[in-house]
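Chain residues, written in single-letter form:
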Amino acid sequence: MELDHKLYLVPQEMPRLKGIRVVRSGLYLGITKKNRFEPSQAFAMALPMEGKACINLSLQDERVIKYLKCETIMVDGPDGFVLIGVDGYPLGWGKLKNGRLKNKYAPAWRMM
């Protein structure tokens, strides 16, 4: 049985936290599940919109609302997890396969 592991990026200068209640000891990057990595919403929000694994939509693009409603959208890009953003600002993750993006947007943030 393999365990899931949460991964955090912790600053090198982290002070001793003994005796202090800590909610998160760093930036939550994601979780490893079944030998794969699933990035977190917090990680998405901390990244710049740069690189091949980023899809930057314009605010006028109708796919933005579809993404925010957690609908599947069609986009060009590399297969795998991609960072979705609007006008240079990150929104969250999607998993792209053959041009079809399955939404990984944080469920609590979904637009009704």
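Novice: For this particular structure, what's the right way to read the pairing of strand β2 (residues 27-33)?
Specialist: On a regular strand, each side chain points to the face opposite its neighbour's, so the side chains alternate between the two faces of the sheet. Of the pairings in the sheet, the one linking strand β1 (residues 5-9) to β2 comprises five bridges and is antiparallel in character. From the neighbouring strand, Leu7 faces β2, where its bridge partner is Gly30. Between β2 and strand β3 (residues 36-39), which follow one another and run antiparallel, lie two residues, and Lys34 among them has a positive phi close to 50°.

Novice: Can you help me understand unusual backbone geometry in this one?
Specialist: Working note: non-glycine residues mostly have negative phi, and peptide bonds are mostly trans. One non-glycine residue, Cys70, lies in the positive phi region at around 65°. Here Cys70 lies in the loop between α2 (63-68) and β5 (73-74). One non-glycine residue, Asp87, lies in the positive phi region at around 50°. The topology assignment puts Asp87 in the loop between β6 (80-86) and β7 (89-97). Look at Asp87 and you get partly exposed, because its relative accessible area is 45%.

Novice: Got a minute to help me understand the pairing of β3 in this structure?
Specialist: As judged from the four bridges shared by β2 and β3, these two strands associate in the antiparallel manner. Looking at the pairing, Gly30 lines up with Pro39 of β3.

Novice: Explain the environment of Val23 to me, please; I cannot follow it from the model alone.
Specialist: Among the secondary structure elements, Val23 is positioned in the loop between β1 and β2. When the C-alpha atoms of Val23 and Cys70 are compared, they prove to be 28 Å apart, with 47 residues separating the residues in sequence.

Novice: Explain the sheet that holds β3 to me, please; I cannot follow it from the model alone.
Specialist: Within a sheet, each strand pairs with its neighbour through backbone hydrogen bonds, oriented either parallel or antiparallel. Strand order in the open sheet formed by three strands is β1-β2-β3, and the pairing between neighbours is antiparallel. One side of each edge strand has no neighbouring strand; the edge strands of this open sheet are β1 and β3. With direction set aside, neighbouring strand axes in the sheet form an average angle of 30°.

Novice: It is not clear to me how the packing of aromatic side chains should be interpreted in this structure. Could you clarify?
Specialist: Applying the stated criterion across every chain yields a total of two aromatic pairs. Ring plane angle 40° and centroid distance 5.3 Å describe the contact between Tyr8 and Tyr28, whose orientation is recorded as tilted. Taken together, the residues Tyr8 in strand β1 and Tyr28 in strand β2 connect sequence positions 20 residues apart. Look at Tyr8 and you get partly exposed, because its relative accessible area is 32%. Their ring planes at 45° and their centres at 6.0 Å tell us that Phe43 and Trp93 sit as a pair that is tilted.

Novice: Looking at this model, I keep getting lost on the sheet that holds β7. Mind explaining?
Specialist: What the five strands build is an open sheet, ordered β4-β6-β7-β8-β5; its pairing is mixed. The sheet is open, and its two borders are formed by β4 (54-57) and β5, each paired with just one other strand. In this structure, β7 lies alongside strand β8 (residues 100-103), joined through four bridges in antiparallel fashion. Note on β8: the bridge partner recorded for Leu96 is Leu101.

The rules behind the values
- Residues numbered from 1 in each chain as written.
- Predicted model: local features only at pLDDT ≥ 70, side-chain atom pairs only at ≥ 80, totals over all residues.
- Heavy atoms only, no water.
- Pairing = 2+ DSSP bridges.
- Helix = DSSP H or I, 4+ residues; strand = E, 2+ residues; numbered from the N terminus.
- Buried < 20%, exposed > 50% of the residue type's maximum accessible area, 1.4 Å probe, protein only.
- Axes fitted to C-alpha atoms, helices over the stretch in contact; angles between N-to-C directions.
- Phe/Tyr/Trp six-rings, centres within 6.5 Å; stacked < 30°, edge-to-face > 60°.

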